[in-house]
Amino acid sequence: MSITPQRMIKEGWVRGIVSEIEPEQIQQIGLDLRVGKIQRVTGTATLMRNSKVLPHYSDIDTNQDDCWYLQANQGYAFESMEECSIPIGYKGFVIHRSTMNRSACLVTGSVYDPGYRGIIAGTIYVHQVPILIQRGARIAQFLISEGEKGSAYDGDYQNQKSHSSAAEKINK
């Protein structure tokens, strides 16, 4: 069962980092995520059975209208202006908004496990045509649903504040 965005906010499971959640972010079954930062991903990532090395994340400058210009056929990391605290017995997901889909962009994120606390982030894949995205634009939606009760997340990304900080922690 999906949790309403009103309940997510009331329970404190999702909150704005820079500013409060705005009424237009509240959708039928999810909460729209506002983009706060977009970064270029470079270098090589390594995923082994018992270790990992994350790639390098570098900030992209915005133009005079506070927009990022994203080139076609590229992937970018994004951080939203929201963070979450997922309770035991629930899980969170990031999915793209239909406008991004209609603009030939796929926005995705991973599963947010029970017990995870930190920033909500993901990846933007720009296909075929470039896109301008203004800081604060709603590019994805966050959903929370019930799941089986189990153990709490206690992984490398707990209390993550940014892609860069997670990479620094993991790549030590």
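Look a little higher up for the structure.
For the structure given in this document, a descriptive report is provided here.

For the coordinates displayed, the defined rule picks out 8 salt bridges. Close ionic contact of E11 with R7 constitutes a salt bridge, the shortest N to O distance being 3.8 Å. On the basis of relative accessible area, E11 is assigned to the partly exposed category, the value being 42%. R7 sits in the partly exposed class, given a relative accessible area of 29%. We note a salt bridge from R138 to D32, for which the minimum N-O separation is 2.7 Å. Placement of the pair is R138 in strand β12 (residues 138–146) and D32 in strand β2 (residues 31–42), with a sequence separation of 106 residues. Of the residues examined, D32 reaches a relative accessible area of 0% and is grouped as buried. One connected set of salt bridges, linked through shared partners, spans E22, R34 and E82.

Calculation notes
- Residues numbered from 1 in each chain as written.
- Predicted model: local features only at pLDDT ≥ 70, side-chain atom pairs only at ≥ 80, totals over all residues.
- Heavy atoms only, no water.
- Salt bridge = Lys/Arg side-chain N within 4 Å of Asp/Glu carboxyl O.
- Buried < 20%, exposed > 50% of the residue type's maximum accessible area, 1.4 Å probe, protein only.
- Helix = DSSP H or I, 4+ residues; strand = E, 2+ residues; numbered from the N terminus.

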